[in-house]
Amino acid sequence: MALSTDERALLTLIANSHEPVVMSDFFHELSPPAPGMNEHHPGHEEWALRQIEWHRVSVQLWQHDLVRVVAPANGERGDMAEPTEAGIAALAV
């Protein structure tokens, strides 16, 4: 399966973790807020939409069986996920 640039970026971070991770923990690393970002910042809306897009990317990874949830969300943190064999194989391409 060919990965999009975003899918590859997120899946790489997940695969480089040595334990299950909350995928959304990487969103700020992948698309950091501008210095001084708040809801009144001129780039806030665009940045917020990009953060929402990362959620879509994480769902796509799960739907394509490239990651699996190993511990469901518990109200204090999100789903803990790890790459599947298919996910590791997809990164090798």
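Here the structure is shown first, and the text comes after it.
One numbering rule holds for all chains: residues counted from 1, following each sequence as written. In keeping with the model being predicted, local features are shown solely for residues with a pLDDT of at least 70 and side-chain atom pairs are shown and tallied solely at 80 or more, while totals for entire chains, interfaces and linings include all residues. Excluded from the side-chain calculation are hydrogens and water; included are all heavy atoms of the structure.

### Topic: the nonpolar core
Inference 1: Put simply, buried Ala, Val, Leu, Ile, Met, Phe, Trp, Tyr and Cys residues joined by side-chain atoms within 4.5 Å make one nonpolar core. Remark: exposure states derive from per-residue accessible area (1.4 Å probe, protein chains only) relative to the maximum for the residue type, with buried under 20%, exposed over 50%, and partly exposed in between. The biggest cluster of nonpolar side chains holds 16 residues, and the ones touching the most others in it are Leu10, Leu11, Ile14, Phe26, Leu61, Leu66 and Val67.
Inference 2: Put simply, the parts of the chain that give this core at least two residues each are helix 1 (5–16) and helix 3 (44–63).
Inference 3: Starting at the N terminus, helices and strands are each numbered in turn, a helix being any DSSP run of H or I of at least four residues and a strand any DSSP run of E of at least two. For this core, the element with the highest residue contribution is helix 1, accounting for 4 residues.
Inference 4: Leu66 has contacts with Met1, Leu3, Leu11, Leu61, Pro83, Thr84, Ala86, Gly87 and Ala90, leaving out every residue within four places of it along the chain. Whether two residues touch is decided by their heavy atoms; if any such pair falls within 4.5 Å, the residues are in contact.

### Considerations on the packing of helix 1 against helix 3
A packed helix pair is summarised by two numbers, namely the angle formed by the two axes and the spacing between the axes.
Inference 1: Note on geometry: axes are C-alpha line fits, over the in-contact stretch for helices, and angles between N-to-C directions span 0 to 180 degrees. Here helix 1 crosses helix 3 at 75 degrees, and the two axes come no closer than 10 Å. Looking at the two axes, helix 1 sits roughly perpendicular to helix 3. Facing helix 1, whose interface residues are Asp6, Glu7, Ala9, Leu10, Leu11 and Ile14, helix 3 presents Arg50, Trp54, Val57, Ser58, Gln60 and Leu61.
Inference 2: Under the scheme applied here, ten amino acids are nonpolar (Ala, Val, Leu, Ile, Met, Phe, Trp, Tyr, Cys and Pro), four are charged (Asp, Glu, Lys and Arg), and all others, including Gly, are polar. Considering only residue class, the contact of helix 1 with helix 3 consists of 7 nonpolar, 2 polar and 3 charged. In what follows, roughly perpendicular refers to angles from 65 to 115 degrees, roughly parallel to angles under 35, roughly antiparallel to angles over 145, and oblique to any angle outside these ranges.

### Notes on the environment of Ile14
Inference 1: Tracing the backbone shows Ile14 in helix 1.
Inference 2: Judged by relative accessible area, Ile14 falls into the buried class, the value being 1%.
Inference 3: A sequence separation of 21 residues divides Ile14 from Pro35, and the C-alpha atoms of the two residues are 26 Å apart.
Inference 4: Those residues in contact with Ile14 that lie beyond four places of it in its chain are Val21, Met23, Phe26, Leu61, Val67, Ala81, Glu82 and Pro83.

### With respect to the pairing of strand 3 (residues 80–83)
Inference 1: The pairing criterion for strands is at least two bridges between them, as found by DSSP. Sheet topology note: the strand 1 (residues 21–22)/strand 3 ladder contains 2 bridges and is antiparallel. By the bridge assignment, Val22 is partnered in strand 3 with Met80.
Inference 2: Judged from the 4 bridges that link them, strand 2 (residues 67–71) and strand 3 form a sheet pairing that is antiparallel. Its bridge partner being in strand 3, Arg68 is matched across the sheet by Glu82.

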